[in-house]
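# Structural features, examined
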Amino acid sequence: MIDFFKNTVFAVDSRKIVPGSVFVALKGERTDGHLYVKEALEKGAKMAVVEKEVDAPPEKLYMVRSTLDFLAQIAREKLYANKPLVVGITGSNGKTTTKELLFKLLEPFGAFRNAGNLNTEVGLPLSILNDYSGERIVILEMAMNKVGDIAKLCHIARPRISVLLNVGTAHRGIAGGDEAILNGKLEIVENMEPNGTAVVLSDERLVSRLKSKNFVTFGHEKGDYHLISYSYSSFETVARYVLKSRTVELKLPRIWNVGQLTNLAAVFAVVDLLGFEIDIERLKDFTPVSGRFNCIECKGVYVFDDCYNASLESFRVAVDTLKKVGKRTFAVVGSIKEQGIFSKQTHLQLGGILDQLDGVIVYTKDPEVEVMSSSKEILRSSSVEEIVETLCTVLTKGDALLFKASRAVEMEKVLQRFLEVYGC
Ligand code: ADP
């Protein structure tokens, strides 16, 4: 790395400048970082990296052809100076939780992981530049909006092990359809190290595309590493796995859905492939990531906080679990965003999934959900108070209740109010 930039904090948002940091001016969809160079320097940035002329002292500017490429290049240089084992994780659902589970198991051997939302062409290099301090295992969640995104991330950090969790319908409006999502996600396998190994969901649609790559499979009831069965008792999940030739059973605190449990088989595969012992004891105090199907027990009601995001696939596994644990099942649901031309179809399908529950409340803060109809609808409202009041009237001990929508809907505000009023 260019010596000047060693041990420096980088920021792309002028509001996050700390004295002595370097501001990288990026051109985004909404605004252009070059407009904030002056502000960043006034706040104490020692330098601004720019790709065009700006009105600022020239000695404080570092001109490059592309600021985005600059970020990628210095992150790559920093990473490879340490020659780490890189594990890349992508998929439509479960990346963050899978990454955290893997980190939990690999932490004793010296592991680093990028923070949840630092998983894009901007976030991932920033995370490496600002947070990585030479750990020998680097676990990176890689997000995709469109074809080409994952290849770019792999160019920054080429995985020795590439994990492809699943290919679903999340963000399909942006990606341009289901085939585009599949192609985009497969880039994690196509761009791993030449002698790398892929850990891929045991699904013919994916496996048939792996050509001559080294790979192992994981899954539910099938795959080299797989979940055999699972059950819930009070506030615990018991899951049994086949790990190649041996079988293990583990008890996990709280309620885990089948998607999360299946992804755990991928985690075991990675630890095994890296040659480390799988210490399942470490999972006993695993703290679930906030907003990702976290179960809170409240006055005998199973409340599921799944407010962080939503897709048809994650709704399916959530509903499936609710039905297994609750005497009666309810959900407060909002829009699934970023579905573009597929939005109507997605919400009509969602109605079908929710028909399996006993009661559905539609939070109409965002318009997309308006076309959704479920035969189990008991209320449709944009009022948090009205929703909470209805819930307090219908719920009894033993019920299961899901709060779920895409992030932008801010369903967590409804959940928080419910928890306050219900007295949790
Ligand atoms: P991501 O980082 O990919 O968004 P998260 O770990 O944040 O993933 O989980 C997001 C949602 O995906 C949660 O609702 C979780 O229950 C769900 N989920 C996890 N794994 C699966 C899976 N294999 N199939 C369907 N849904 C899943």
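Here's a quick rundown of the structure. Being a predicted model, the structure only gives us computed values, none of them experimental.

### Notes on the overall build of the protein
- When its secondary structure is counted, the protein shows 13 helices and 19 strands.
- Relative to a compact globule of 424 residues, whose C-alpha radius of gyration would be 22 Å, the protein shows 23 Å and is just as compact.
- Judged by the C-alpha coordinates and their principal axes, the protein covers about 65 × 55 × 40 Å.
- Here the protein holds 424 residues, and the buried ones make up 56% of them.
- Taking the contacts inside the protein whose residues are at least 6 apart along the sequence as the reference set, 63% of them involve residues at least 24 apart.
- Surface exposure of the protein reaches about 18,000 Å², of which carbon and sulfur atoms provide 49%.
- Measuring between centres, the 54 positive side-chain charges of the protein sit 2 Å from its 54 negative side-chain charges.

### A word on unusual backbone geometry
- At Glu 221, a residue that is not glycine, the phi angle is positive and equals roughly 70 degrees.
- Here Glu 221 is to be found in the loop between β10 (214–220) and β11 (225–233).
- Owing to a relative accessible area of 56%, Glu 221 belongs among the exposed residues under this scheme.
- In this model, Glu 410 sits at a positive phi of 60 degrees, which is unusual for a non-glycine residue.
- Residue position: Glu 410 is located in the loop between β19 (400–404) and α13 (411–422).

### Quick word on the sheet that holds strand β8 (residues 161–164)
- Taking strand neighbours across the sheet as the criterion, the nine strands line up as β6-β7-β5-β8-β9-β10-β11-β12-β13 in an open arrangement whose pairing is mixed. The sheet is open, and its two edges are formed by β6 (111–113) and β13 (246–253), each paired on a single side. Within this sheet the neighbouring strands show an average axis-to-axis angle of 20 degrees, counted without direction.
- In terms of strand pairing, strand β5 (residues 85–90) meets strand β7 (residues 137–141) through five bridges, oriented parallel. Residue pairing across strands places Leu 85 opposite Ile 137, the latter belonging to β7.
- Lying over the sheet, helix α9 (residues 258–273) contacts β5, β8, β9 (197–201), β10, β11, β12 (236–243) and β13, oriented at roughly 135 degrees with respect to β11.

### Observations regarding empty space enclosed by the protein
- Enumeration over the complete set of coordinates arrives at one cavity of 30 Å³ or more.
- Residues belonging to the lining of the largest cavity are distributed by class as follows: seven nonpolar, three polar and two charged.

### Re the sheet that holds β19
- Read from one edge to the other, the open sheet built from six strands follows the order β14-β15-β19-β16-β17-β18, with strand pairing classed as mixed. The outermost strands of the open sheet, each flanked by one partner alone, are β14 (294–298) and β18 (377–381). Averaged over all pairs of adjacent strands, the angle between strand axes in this sheet comes to 15 degrees, irrespective of strand direction.
- Bridging between strand β16 (residues 329–333) and strand β17 (residues 359–363) involves four bridges; their strand directions are parallel. Note that in β17 the partner of Val 333 across the bridge is Val 362.
- Packing of helix α10 (residues 312–325) onto the sheet brings it into contact with β15 (301–306), β16 and β19, and relative to β19 it is tilted by some 165 degrees.

### Digging into the side chain of Asn 114
- Within the fold, Asn 114 resides in the loop between β6 and α4 (123–131).
- In terms of polar contacts, Asn 114 uses its side chain to reach the backbone amide nitrogen of Glu 141, at 2.9 Å.
- Asn 114 has contacts with Lys 99, Asn 119, Leu 124, Ser 127, Ile 139, Leu 140 and Glu 141, leaving out every residue within four places of it along the chain.

### Comments concerning the state of the cysteines
- Counted according to the given criterion, the structure contains one disulfide.
- Note that Cys 298 is cross-linked by a disulfide to Cys 424, the S-S spacing being 1.6 Å. Residues Cys 298 and Cys 424 share a disulfide whose torsion about the S-S bond is about -65 degrees; that sign makes it left-handed. With Cys 298 in strand β14 and Cys 424 in the segment after α13, the pair connects residues that are 126 residues apart, well separated along the chain.
- The thiol sulfur of Cys 392 is not disulfide-bonded, and the nearest other cysteine sulfur, from Cys 424, lies at 8.7 Å.

### Re the packing of aromatic side chains
- For the coordinates displayed, the defined rule picks out 13 aromatic pairs.
- Here the aromatic rings of Phe 5 and Tyr 62 are separated by 5.1 Å at their centres, their planes lie at 85 degrees, and the arrangement is edge-to-face. In this pair, Phe 5 sits in the segment before β1 (10–11) while Tyr 62 sits in strand β4 (residues 61–63), placing the two residues 57 residues apart along the sequence.
- With a centroid separation of 5.2 Å and an interplanar angle of 85 degrees, the aromatic rings of Tyr 241 and Phe 268 are classed as edge-to-face. Linking Tyr 241 in strand β12 with Phe 268 in helix α9, this pair joins segments that are 27 residues apart in sequence. With respect to burial, Tyr 241 and Phe 268 carry one shared label: buried.
- Between the NZ or CZ atom of Arg 292 and the centre of the ring of Tyr 308, over which it lies, the distance is 3.5 Å.
- Over the ring of Tyr 422 we find Lys 299; its NZ or CZ atom is 5.2 Å from the centre of that ring.

### Here's the deal with the site of the ligand
- Not every one of the 20 residues close to the ligand is listed here, only the nearest: Thr 96, Thr 97, Arg 292, Asp 306 and Asn 309.
- Within the backbone of Gly 94, one N or O atom sits 2.8 Å away from an oxygen atom of the ligand.
- Burial of the ligand by the protein chains amounts to 93% of its free accessible area of 570 Å².
- Looking at the shell around the ligand, the elements that each hand over two or more residues are α3 (95–106), α9 and α10.
- When grouped by side-chain class, the residues that make up the shell around the ligand number two nonpolar, 12 polar and six charged.

### Looking at the side chain of Thr 217
- Counting through the fold element by element, Thr 217 comes out in strand β10.
- Under the relative-accessibility criterion, Thr 217 is labelled buried at 10%.
- Every residue in contact with Thr 217, bar those within four places of it in the chain, is listed here: Val 200, Ser 202, Val 207, Gly 223, Asp 224 and Tyr 225.

Basis of the calculations
- Think of each chain on its own: its residues are numbered from 1, step by step along the sequence as written.
- Local features are withheld for residues below a pLDDT of 70 in this predicted model, meaning they are given only at 70 or higher, and side-chain atom pairs are given and counted only at 80 or more; totals for whole chains, interfaces and linings count all residues.
- Processing note: side-chain calculations cover all non-hydrogen atoms of the structure and skip hydrogens and water entirely.
- Helix and strand assignments come from DSSP, with helices taken as H or I runs of at least 4 residues and strands as E runs of at least 2, each series counted from the N terminus.
- As a reference, a globule follows 2.2 Å times the number of residues to the power 0.38, and the radius of gyration itself is taken over C-alpha atoms.
- Residue burial is assigned from relative accessible area. The probe radius is 1.4 Å, only protein chains are included, and a residue is buried under 20% of its type maximum, exposed over 50%, and partly exposed in between.
- For this analysis, residues touch if any pair of their heavy atoms sits within 4.5 Å.
- In these tables, accessible area is a Shrake-Rupley quantity obtained with a 1.4 Å probe, and a residue counts as shielded only by the protein chains included in the view.
- Charged residues are defined here as Lys and Arg on the positive side and Asp and Glu on the negative side; His and the ends of the chain fall outside this count.
- Each charge is placed at NZ for Lys, CZ for Arg, CG for Asp and CD for Glu.
- DSSP-based pairing: two strands are paired if at least 2 bridges between them are found.
- Only the stretch in contact is used when a helix axis is fitted, and all axes are lines through C-alpha atoms; the angle between N-to-C directions ranges over 0 to 180 degrees.
- Any residue with an atom within 4 Å of a point lines the site, the site being either a cavity, points on a 1 Å grid over the protein atoms alone where a 1.4 Å probe fits but cannot get out, or a pocket, an open set with protein on both sides within 12 Å along at least 5 of 7 lines.
- Grid points are joined across faces, edges and corners, and a volume is the space filled by probe spheres set on the points.
- All amino acids are sorted into three groups, where Ala, Val, Leu, Ile, Met, Phe, Trp, Tyr, Cys and Pro are nonpolar, Asp, Glu, Lys and Arg are charged, and the leftover types, Gly among them, are polar.
- Here a polar contact means two N or O atoms within 3.5 Å. Within protein one must be a hydrogen donor candidate and the other an acceptor candidate, and residues neighboring in sequence count only if both atoms are side-chain atoms.
- Only a pair of cysteine sulfur atoms within 2.5 Å qualifies as a disulfide here.
- Side-chain rings of Phe, Tyr and Trp, where Trp is taken by its six-membered ring, are said to pair if the distance between their centres is within 6.5 Å; with planes under 30 degrees apart they count as stacked, over 60 as edge-to-face, and otherwise as tilted.
- Comment: the charge-over-ring label is applied if NZ (Lys) or CZ (Arg) is within 6 Å of the ring centre and within 35 degrees of the ring normal.
- Note on terminology: near, applied to a residue and a molecule or strand, indicates that one of the residue's heavy atoms is within 4 Å of it.

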